[in-house]
Structure formats: structure tokens, C-alpha cells
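Results of the structural survey
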Amino acid sequence: MLEPFLLPLGVSIRTVLVATVITFSLGIAAARMMVNYKGRFSSLIDGLFLLPIVLPPTVIGFGLLLLFGNRGPLGKLLALFDTTLIFSWPATVVTAVIVAFPLMYMTTRGGFEQVDPNLENAARTLGAGEWRLFWTVTLPLSWPTVLAATILSFTRALGEFGATLMLAGNLPGKTTTLPVAIYFRLQAGQMRDALILTVIVFLFALASLALLAYWKKKARQNGRGKQVAGNQR
Amino acid sequence: MLEISVKHSLPGFRLDINLTVNGEIVSILGPSGSGKTMTLYCIAGLIRPDEGLIKLNKEVLFSSENKIFIAPRHRKIGFVFQNYALFPHLTVADNIAYGLSGQSVPAINKKVAELLEVINIPALKNRYPAELSSGQQQRVALARAIAPEPEALLLDEPFSALDTYRKERLEYELLSLYRYYKGDILFVTHDLEQGFKLGKQIAIYDNGKIAQYADKHKVISCPANRTAARLAGFKNLVEGRVAISRGNTAEVFIPEFDQNLAVITPASMKLVAGQPVMIGIRPEHLAAAGQPKNNTVRCRLERKVSGVTTLHLYYHALKDHQKRYSLERLCLGFDRNYPDYEESNCYLYFNPQHLAIIPLG
């Protein structure tokens with residue numbers, strides 16, 4: 001009886017967890033790279049990273065289909081290993097990562113840029129290389145922002161629908177995520193099921209964002225002295 | 001020995017300096033925006049200058065000619081930042097130990113304990129920077145900078161964030177730390193008094209250039225030019241012409257006063273009659289007299305401003321019809337009962353002992 005709800009919930013949780021881990025790593029790496037990169041193409045690369053925020057899901061979905069289709073460059077590459085991405089579970093992860101990445105990247109980068117440059121300079125004069133100062137100074141000091149970025153990415157990945165439908169399709173128990181399931185229940189006139197799934201997604205997203213807000217409030221109360229003193233005095 | 005000779009341009013600003021520090025404490029003195037901090041950043045490698053040469057004890061840190069630029073982490077230079085830049089997420093002990101990575105744990109612990117002893121706060125080693133007073137923060141910043149035993153130590157306005165009361169105590173403590181640290185020290189300040197107290201040599205900065213670099217006693221008695229004189233506290237500066245020069249004394253004619261002033265010529269200076277010079281005297285060296293005598297100028301008191309323990313008096317020379325120069329006199333101490341004659345017409349005494357002579361052109 002619960003199966004119609006548990007199946008999409010299970011797919012979504014698996015997809016979102018894996019996508020969040022990947023987005024987390026890629027976002028931090030990209031943010032760290034772009035903070036230090038002052039080259040000629042920095043604006044262009046920055047724009048490219050943020051593009052998924054503004055592009056319609058259909059554009060992303062169609063673009064991915066072109067890339068990963070039988071005749072697409074990445075599709076041909078995967079075919080060499082006898083595998084395909086389209087209409088498979090990993091496709092839900094790929095689309096989730098692509099739409100969540102800009103949020104992770106943008107927020108994390110903002111956090112890195114807010115670290116007092118003199119703290120990083122101090123680490124440099126004390127013999128730290130760029131990697132050591134990133135791990136011991138920049139990242140720990142922007143940890144609250146990185147965590148916020150992660151929760152935002154998590155909720156965005158959870159809500160992904162359009163591109164997922166186009167690339168991964170609707171295979172129950174395999175690629176049918178919660179938003180996709182809601183759409184097809186509605187199409188089939190199963191209003192009650194659609195409503196229950198909607199409530200699940202709603203509560204999930206609300207809980208994540210409330211946790212984020214609560215945690216931020218806590219961090220501000222605890223860390224007030226610490227952060228302010230380090231930066232201002 | 002630290003040798004710096006760099007040029008660096010920013011929009012609207014140009015740094016062009018030459019400085020040698022030879023195992024002593026040099027105060028860099030100048031108004032904000034004169035390039036003091038930029039000099040320190042160039043030495044530490046946090047800014048890459050457009051051109052020049054930086055050498056520390058024979059090792060070339062930067063050379064535009066040979067395309068050498070040693071990264072800051074390899075420079076063996078300690079830096080105390082203006083806001084101290086302590087790592088807020090690390091304890092006092094971890095802050096001090098940050099520059100010691102690569103050494104064995106017992107060695108690090110020993111060094112940290114030793115430095116905590118030196119800065120006199122062993123009990124605070126597990127506190128976070130935010131839990132320290134600004135004076136304690138400053139001492140931790142200092143301990144952290146000298147922990148890796150750098151060959152030169154750079155301090156960027158370490159007292160600017162403190163109030164007067166704390167400043168004086170910490171200046172004293174900093175002086176005692178100098179005994180612990182052996183190496184070149186460059187100390188940036190905009191306060192002449194502080195630069196004099198803490199440094200042995202003073203480099204006076206003005207708009208990206210060094211106006212004068214000499215022993216501090218020389219800087220405050222024999223300014224090299226108008227800018228150096230102004231920044232070294234000679235607020236009263238008047239131009240004149242040498243009337244008579246005989247050996248170690250001379251008379252200088254001052255058009256604004258319409259009279260001669262006698263001066264003592266420093267041994268290193270050669271004055272010839274007719275030569276344009278500038279005469280400078282500090283406000284606190286200007287004395288008032290009721291009667292005319294040698295080297296007095298007849299003046300009228302125009303304005304007085306009293307501070308807590310100071311009294312500033314502003315005069316115009318009676319012969320100065322265009323009123324181009326306001327002479328400033330500073331009385332120290334609580335004695336407000338200065339004689340009545342100061343009110344209207346009086347004589348200001350230019351003591352030859354305290355007059356600085358700056359050759360012009």
C-alpha cells in the first residue's frame with residue numbers, strides 16, 4: 001500500500017545524497033579555483049558555472065540529450081564501455097548535480113571571498129603553501145557558508161524535475177524521482193497520491209531550510225565574538 | 001641585513017624607495033597612504049613590485065632583472081599585521097605553532113611554551129583570540145611572527161588599534177621583546193613620538209618616496225628637506241636667505257620678520273651668503289619673552305587652544321604684513337598662568353640651539 005510512495009522517495013533520497021556529495025566536492029573545488037584565478041577568461045568561466053540557474057530545464061535537458069545521445073560525443077564515449085546514461089538512474093544524479101552546482105559554487109565562493117585576506121597573508125608569511133592555507137584557514141573560516149551552500153544544493157537537487165524527465169525518463173523504482181512521480185500521478189488523475197507525494201516533498205524541503213536557518217542563527221550566536229574579533233581588531 | 005630598492009605603481013600612486021636595514025630597528029614614519037604598508041608587503045612578498053631588488057642577508061628575495069620572486073612562505077620574514085590577523089578558529093598555542101609545522105611535536109611544544117613565557121601569558125594558551133584583550137592579541141601576533149625565527153621582522157602599525165593608555169604600556173613591552181628577537185626590524189607608524197621611542201633609525205615617507213632616512217636623533221634635529229622637517233614636527237618653517245656666514249654660526253635674513261635670526265651651522269653643512277634656506281623650530285621650543293633680546297621676533301597672539309595638559313598659542317609676526325605665517329607655540333604642563341604680555345604684543349624667542357636649517361635649492 002505504501003509502495004507507490006516509498007519507491008519514488010527511495011529513488012529521490014539516493015539521487016539527492018549522491019548528487020549532494022558530488023556537488024559539494026565540485027562546488028568547493030570550482031570556488032577555490034575561481035577565487036585565485038585572475039585570468040582573462042574568469043568572467044566567461046564564472047558565467048558558464050552559473051548558467052544552469054537561468055536556463056530553462058528543457059534547454060538543459062535537451063543539451064544533455066545531445067551530449068549523451070547515441071550520436072553525442074559523451075554518448076559515443078560511454079558506448080565504448082557498453083553503457084549508456086540516458087534513461088538510467090545515474091542520469092537523475094547528473095541532472096541534479098548540474099542544477100545544484102551553481103548554488104554550491106556561488107555561495108561557497110562568496111564565503112571564501114569574505115575571509116580576511118590578511119589571515120591568508122599571515123598564513124603565507126608563516127610558511128604555509130596555498131593548499132595548506134586553504135585547508136587550515138580559508139575552509140575552516142568559511143565553514144558556515146559552505147554548510148549553508150550544501151543544504152541549498154541538497155534542496156535544489158531534491159526539486160529537480162524538467163531536465164531529469166528529459167534525460168532519465170519515468171521508470172518507476174529506477175528513475176522516477178518524487179517530482180516526476182507527482183507529475184505522472186497528476187496526469188493519470190490520481191489526485192490523492194499526487195497530494196501525498198507533494199506533502200512529502202514540501203516537508204522535506206521545509207525541514208532542510210528550517211534546519212539551515214536555525215543552524216545559522218546558532219552559529220551567529222556562538223561565533224559572534226570569534227569571527228568579529230578575528231576580522232576587525 | 002635587509003636591502004630594498006623597489007618601484008611599484010598603482011593608479012594614482014607610485015612607490016619608489018631605497019632602504020637598507022642593518023641589524024637594527026628602523027621606524028618607517030609617514031602619513032597614511034604614503035606607501036609604508038606597501039613597502040612591508042613588497043618585502044614579505046605579498047605584493048610583487050614592478051621592478052627593483054630585495055635582498056635579505058645575501059639571499060635575493062626579488063629581482064626584476066633576474067626574474068626572481070621568492071614566494072612569501074620561503075622568505076623567512078615575520079609579519080605582524082595591523083589588525084594582528086590572528087586565526088580566530090585556532091587557540092593561542094595553535095596560532096603560535098602555525099609557523100612551526102614540519103618540526104617534531106615535542107620541539108613545537110617546547111618552542112610554544114617558551115614563547116608563551118616570553119609574552120607573559122602562559123595561562124592563556126588554550127584561549128581563542130576573541131577571548132583576549134587587544135594587548136594580549138598583539139603579543140600573540142608577535143610571538144606567532146617570531147616563532148619560526150625569521151631573519152627580519154615587519155610590524156605594520158601594531159598600536160593603531162589601541163587607546164593611549166594601553167599604547168604606552170605595550171610600547172614598553174615591545175621594547176623588552178626586542179631583546180629576545182635578534183634580527184632586522186622594520187616598524188611602521190604614523191606617530192613621530194612612537195617611531196622615535198621604538199626605532200634607532202627613522203625613514204620618513206612622503207607620497208611614495210623617502211624624504212629622509214637617518215639616525216633618529218639626526219632626523220629630529222637636522223631635517224633634510226621641507227617634507228622631512230614637517231613630518232619630524234617642525235611646524236614653524238620660514239624661508240630666508242643667509243646674510244652672514246662665519247664658521248659655525250650664521251645670520252639668516254627672514255623677509256616676513258624683516259630681521260635676521262642667528263643660527264648655529266651643523267658641522268656637516270656649508271652655508272654661503274645669499275643662499276636660500278629654511279628655518280624650522282618646534283612649537284614646544286618657541287619661548288615668549290616680555291623684552292626684546294637677541295633672536296626675538298615681535299609678535300601678536302591671535303588665538304589660543306587649550307588641551308588637557310597642553311596650551312597651543314598661535315601668533316603672527318607684527319612685521320608680517322601679508323600674514324603668511326602663523327607661528328605655533330606649545331606650552332606643556334598645567335600652568336595656565338602665563339604672563340599677561342602674551343596676550344597682545346610680545347617677543348618670541350628663537351633659541352639658536354633649537355633651530356633647524358634646511359638648505360633650499
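Within each chain, residues carry numbers counting from 1 in the order of the written sequence. Both sets of labels track the order of writing: A upward for chains, 1 upward for ligands. Local features in this predicted model are restricted to residues whose pLDDT is 70 or higher, and side-chain atom pairs enter the listing and the counts only when it is 80 or higher, whereas totals over whole chains, interfaces and linings include all residues. Only hydrogens and water are set aside when side-chain values are computed; all heavy atoms of the structure are taken into account.

**Focus: the overall build of chain A**
Runs of E in the DSSP output that reach at least two residues are strands. Runs of H or I that reach at least four are helices, and both are numbered from the N terminus. The helix and strand tally for chain A stands at eleven helices and zero strands. In sequence order, the secondary structure elements of chain A are arranged as α-α-α-α-α-α-α-α-α-α-α. Each principal axis of the C-alpha distribution contributes one length, and for chain A these read about 65 × 45 × 30 Å. For every residue, the accessible area obtained with a 1.4 Å probe (protein chains only) is divided by the maximum for its type, and the residue is called buried under 20%, exposed over 50%, and partly exposed between those limits. Out of the 233 residues in chain A, the part that is buried amounts to 43%. The contact criterion used is simple: two residues touch if any of their non-hydrogen atoms lie within 4.5 Å. Restricting the contact set of chain A to residue pairs at least 6 apart, pairs at least 24 apart contribute 73%.

**Side note on the overall build of chain B**
The helix and strand inventory of chain B stands at eight helices and 21 strands. Principal-axis analysis of the C-alpha atoms places the extent of chain B at approximately 75 × 50 × 40 Å. Look at the contacts in chain B between residues 6 or more apart in sequence, and 64% of them connect residues 24 or more apart. For chain B, the centre of its 43 positive side-chain charges and the centre of its 36 negative side-chain charges are spaced 2 Å apart. When charges are counted, Lys and Arg contribute as positive and Asp and Glu as negative, whereas His and the chain ends are disregarded. Here the site of a charge means atom NZ of a Lys, CZ of an Arg, CG of an Asp or CD of a Glu.

**Here we look at the side chain of T108(A)**
Residues and elements named next belong to chain A. With respect to the secondary-structure elements, T108 resides in helix 5 (residues 89–114). The exposure class assigned to T108 is buried, which follows from its relative accessible area of 0%. Non-local contacts of T108, meaning those with residues more than four positions away in its chain, are made with I28, A31, V146 and A149.

**Here we look at the packing of aromatic side chains**
What describes a pair of aromatic rings is the distance from one ring centre to the other and the angle between the planes of the rings. Stacked, tilted and edge-to-face are the three classes applied to pairs of Phe, Tyr and Trp rings, where Trp contributes its six-membered ring and a pair requires centres within 6.5 Å; stacked means planes under 30 degrees apart, edge-to-face means over 60, and tilted covers the rest. Scanning the entire structure with this criterion turns up 16 aromatic pairs over all chains. Chaining the aromatic ring pairs together yields one cluster made of F112(A), W131(A), F134(A) and W135(A). Counted as over-ring charges are cases with an Arg CZ or a Lys NZ within 6 Å of the ring centre that also lie within 35 degrees of the ring normal. R75(B) extends its terminal NZ or CZ atom over the ring of F69(B), reaching a point 4.9 Å from the ring centre. Directly above the aromatic system of F234(B) lies the positively charged group of R282(B), at a separation of 4.5 Å from the ring centroid.

**Quick word on empty space enclosed by the protein**
Residue and element names in this part refer to chain A. Whether a set of points on the 1 Å grid over the protein atoms alone is a cavity depends on a 1.4 Å probe fitting there but being unable to get out, while an open set qualifies as a pocket with protein on both sides within 12 Å along at least five of seven lines; lining residues are those with an atom within 4 Å of a point. Grid points are joined across faces, edges and corners, and a volume is the space filled by probe spheres set on the points. If you walk through the whole model with that rule in mind, you get four cavities of 30 Å³ or more. Size it by volume and the largest cavity reaches roughly 70 Å³. Elements represented by at least two residues in the lining of the largest cavity include exactly helix 1 (3–36), helix 5 and helix 8 (143–158). Examining the composition of the lining of the largest cavity, we find that three residues originate from one element, helix 1, more than from any other. Partitioning the lining of the largest cavity into residue classes produces five nonpolar, five polar and one charged. For the second largest cavity, the calculated volume is near 50 Å³. Ten residue types, Ala, Val, Leu, Ile, Met, Phe, Trp, Tyr, Cys and Pro, are classed as nonpolar, four, Asp, Glu, Lys and Arg, as charged, and the remainder, Gly among them, as polar.

**Quick notes on the sheet that holds strand 4 (residues 51–56) of chain B**
Adjacent strands of a sheet form backbone hydrogen bonds with each other and so pair up, either parallel or antiparallel. Residues and elements named next belong to chain B. DSSP bridges decide pairing: two strands pair if at least two such bridges lie between them. Across the sheet, which stays open at both edges, the five strands sit in the order 2-1-4-5-6 with antiparallel pairing between neighbours. Looking at strand neighbours, the two that pair on one side only are strand 2 (13–21) and strand 6 (68–69), the edges of this open sheet. Where strand 4 and strand 5 (residues 59–63) come together, four bridges link them in antiparallel fashion. Note that in strand 5 the partner of K55 across the bridge is V60. For every element, the axis is a line fit to its C-alpha atoms; helices are fit only across the contacting stretch, and the angle between N-to-C directions ranges from 0 to 180 degrees. Contacts from helix 1 (residues 36–44) reach strand 1 (2–10), strand 2, strand 4 and strand 5, with the element oriented near 65° to strand 2.

**Section: the interface of chain B and chain A**
Facing the 25 residues of chain B at the interface are 25 residues of chain A. Accessible area that two parts lose when put together, with a 1.4 Å probe and added across both, is what the buried area reports. Of the roughly 2,200 Å² buried at the junction of chain B and chain A (both faces included), carbon and sulfur atoms supply 63%. Contact with chain A buries area across many residues of chain B, yet R73(B), P88(B) and Y98(B) alone supply 29% of it, more than any other trio. By convention in these notes, a salt bridge is any Lys or Arg side-chain nitrogen within 4 Å of a carboxyl oxygen on Asp or Glu. In this structure, the connection of chain B to chain A is made through zero salt bridges. N or O atoms closer than or at 3.5 Å make up a polar contact, with two conditions inside protein: a donor-capable atom paired with an acceptor-capable one, and, for residues adjacent in sequence, both atoms drawn from side chains. Summed over the shared surface of chain B and chain A, the result is seven residue pairs in polar contact (both at pLDDT 80 or more). Put simply, the parts of the chain that give the side of chain B that touches chain A at least two residues each are helix 1, strand 7 (77–80) and helix 4 (134–146) of chain B. Ranked by residues supplied to the side of chain B that touches chain A, first place goes to helix 4 of chain B with three residues. Here the residues of the side of chain B that touches chain A are counted per class, giving 18 nonpolar, five polar and two charged.

**Some remarks on the domain arrangement of chain B**
All names here are of chain B. Either an automatic procedure or a domain database provided the assignment from which the domain bounds are taken. When the domains of chain B are assigned, the result is domain 1 (2–227) and domain 2 (234–359). Centre-to-centre separation of domain 1 and domain 2, based on C-alpha positions: 38 Å. Taken together, the contact pairs eight residues of domain 1 with nine residues of domain 2. Of all residues in domain 1, the largest losses of buried area upon contact with domain 2 belong to I220, P223 and R226, amounting jointly to 64% of the total for that side.

**Digging into a nonpolar patch on the surface**
All names here are of chain A. Together, L48, L51, I53, V54, L55, V59 and M106 line one region of the surface with nonpolar side chains, adding up to about 600 Å² of accessible area. In terms of residue count, the dominant contributor to the nonpolar patch is helix 2 (residues 42–54) (four residues). One can find V59 in helix 3 (residues 57–68). Only residues whose relative accessible area exceeds 30% and that take part in no salt bridge are eligible for patches, with like-charged residues grouped when within 9 Å of each other and nonpolar side chains (Val, Leu, Ile, Met, Phe, Trp, Tyr) grouped when within 5 Å. Accessible surface area values rest on a Shrake-Rupley calculation with a 1.4 Å probe, where residue burial reflects the displayed protein chains alone.

**Points about the sheet that holds strand 8 (residues 152–156) of chain B**
All names here are of chain B. Pairing is mixed across the open sheet formed by six strands, whose spatial order is 7-8-9-3-10-11. The two strands at the open ends of the sheet, each matched to only one other strand, are strand 7 and strand 11 (209–215). On average, each strand axis in the sheet is inclined to that of its neighbour by 15°, with strand direction left out of account. The sheet contact formed by strand 3 (residues 25–29) and strand 9 (residues 184–189) spans five bridges and is parallel. Note that in strand 9 the partner of S27 across the bridge is F187.

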